[in-house]
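Spelled out, the chains give:
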Amino acid sequence: RWSALEDPGAWILGPAKIRIFQGGKEIGEWQRPQATDMGSTSFVFPEVELPNQMASTPITVTIYATRLPADHPGAGRPAWIFLDEVFLTN
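Residues numbered from 1 in each chain as written. Predicted model: local features only at pLDDT ≥ 70, side-chain atom pairs only at ≥ 80, totals over all residues. Heavy atoms only, no water.

**Q** Please clarify how the pairing of strand β2 (residues 17-22) should be interpreted in this entry.
**A** Moving residue by residue along a regular strand, the side chains alternate between the two faces of the sheet. Here β2 pairs with strand β3 (residues 25-31) via 6 bridges, running antiparallel. Across the sheet, the residue bridging to I20 is G28, located in β3. Taking the residues between adjacent antiparallel strands as the criterion, β2 and β3 are bridged by 2 residues, where G23 takes a positive phi near 60 degrees. In terms of strand pairing, β2 meets strand β5 (residues 59-64) through 6 bridges, oriented antiparallel. Looking at the pairing, I18 lines up with I63 of β5. (Pairing = 2+ DSSP bridges. Helix = DSSP H or I, 4+ residues; strand = E, 2+ residues; numbered from the N terminus.)

**Q** Teacher, can you tell me more about the sheet that holds β3 here?
**A** The strands making up a sheet are joined through hydrogen bonds of the backbone, oriented either antiparallel or parallel. With antiparallel pairing, the 3 strands of this open sheet are ordered in space as β3-β2-β5. Bordering the open sheet on either side are β3 and β5, each of which pairs with just one other strand. The average angle at which neighbouring strand axes cross in this sheet is 15 degrees, direction not considered. (Axes fitted to C-alpha atoms, helices over the stretch in contact; angles between N-to-C directions.)

**Q** I tried to follow the nonpolar core on my own but got confused; where do I start?
**A** Soluble, globular proteins show a tendency: their nonpolar side chains are buried together. Among the nonpolar cores identified, the biggest contains 7 residues, and these are I18, I20, I27, W30, V44, V48 and L50. Every element with two or more residues in this core is listed here: β2 and β3. (Core = buried A, V, L, I, M, F, W, Y, C linked by side-chain atoms within 4.5 Å. Buried < 20%, exposed > 50% of the residue type's maximum accessible area, 1.4 Å probe, protein only.)

**Q** Sorry, what's going on with the environment of L13 here?
**A** Here L13 shows up in the loop between β1 (2-6) and β2. In sequence terms L13 and I81 are 68 residues apart; their C-alpha atoms lie 6.1 Å from each other.

Treat this as a map of the structure, not an account of what it does.
Structure representation (structure tokens):
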């Protein structure tokens, strides 16, 4: 579990997608819901279900930026991501 700051007025949006890999194989994914309130500062708490038993093989977490909406300067460009901590548990 982790949290990401979201402040649309400052061009800071939570991640669009998160993918988790182990040994080159995807073991979990989270995708941002399409309909979100872009109005105020908040936190996003993505959760990704991981397998119960994980080997000692290293894990790679890939985080994809949300694109700025049409009403922002720089529309279509990646937003800033402010990610706090990532906790991987099973």
